[in-house]
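Take a look at the letters that make up each chain.
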Amino acid sequence: MTKLPGKPIIPFTPTVDASGDPTTCFCCGMRAVALGINHKPGDPQYLCRRCIVAIDDYKKIRALDQYELAALDGGVDAVGEWIAERGIGTELSVYDELDQRMLVKAAWEGCARRLREVLKEAPF
């Protein structure tokens, strides 16, 4: 896996904007509402409505499973390849709207592709 410099490995943080309002669900990345799950100071780890309903199950899961980690690695690899192919660097402020969307598309497709690969060998 190729980690992008200065970027966290978990894609859904922070879950709060500069004014303290919820932005992104810590669990799934959808639009968050004001219920956080972090008992430590810092990012409140806000959740969306669907994840709030499933919070009892979510609290039992503290890390991504091996398939989710493999999918995440696939997305990171795909983004690294896309950035290298484009040759415009890693600074998102120089990307136009189309390039930003294409970067996200590369990550999305890379995650899905890697997840399908690893699930072919899953024991279920």
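Residues numbered from 1 in each chain as written. Predicted model: local features only at pLDDT ≥ 70, side-chain atom pairs only at ≥ 80, totals over all residues. Heavy atoms only, no water.

What follows concerns the overall build of the protein chain. Scanning the protein chain from terminus to terminus reveals 4 helices and 2 strands. Starting at the N terminus and walking to the C terminus, you meet the elements of the protein chain as β-β-α-α-α-α. For the protein chain, the proportion of its 124 residues judged to be buried stands at 26%. A separation of at least 24 residues holds for 39% of the contacts in the protein chain among residues at least 6 apart in sequence. Carbon and sulfur atoms make up 57% of the accessible area of the protein chain, which totals about 8,800 Å². (Helix = DSSP H or I, 4+ residues; strand = E, 2+ residues; numbered from the N terminus. Buried < 20%, exposed > 50% of the residue type's maximum accessible area, 1.4 Å probe, protein only. Contact = heavy atoms within 4.5 Å. Areas by Shrake-Rupley, 256 points an atom, 1.4 Å probe, with all protein chains shown as cover.)

All right, on to the nonpolar core then. Membership of the largest hydrophobic core is limited to 7 residues, which are Cys25, Phe26, Ile37, Leu47, Cys48, Cys51 and Ile55. Membership of the second largest hydrophobic core comes to 6 residues, among which are Trp82, Ile83, Tyr95 and Leu103. (Core = buried A, V, L, I, M, F, W, Y, C linked by side-chain atoms within 4.5 Å.)

This part takes up the packing of helix H3 (residues 66-86) against helix H4 (residues 97-119). A pair of packed helices is characterised by two quantities: the angle between their axes and the separation of those axes. Close contact between H3 and H4 brings their axes to 7 Å; oriented N to C, the two are set at 140°. Taken together, the axes of H3 and H4 lie oblique to each other. Our pair here, H3 against H4, has a crossing hand that is right-handed. Taken together, the residues of the contact of H3 with H4 break down into 16 nonpolar, 3 polar and 6 charged. (Axes fitted to C-alpha atoms, helices over the stretch in contact; angles between N-to-C directions. Parallel < 35°, antiparallel > 145°, perpendicular 65-115°, else oblique. Left-handed = near helix turned anticlockwise from the far one by under 90°. Nonpolar A, V, L, I, M, F, W, Y, C, P; charged D, E, K, R; others polar.)

Here we take up H4. In this model H4 runs 33 Å from its N-terminal to its C-terminal C-alpha over 23 residues, within 8% of the 33 Å that 1.5 Å per residue would give. Among the residues of H4, Asp99, Leu103, Ala106 and Gly110 are the ones counted as buried. On its buried face, H4 is in contact with H3. (Expected span 1.5 Å × (residues − 1).)

Attention now moves to the confidence of the model for the protein chain. Here the protein chain averages 83 in pLDDT, and 86% of its residues register 70 or above. Looking at the elements of the protein chain, mean pLDDT is at its lowest for helix H2 (residues 55-58), recorded as 69, and at its highest for H4, recorded as 93. (pLDDT = per-residue confidence, 0-100.)

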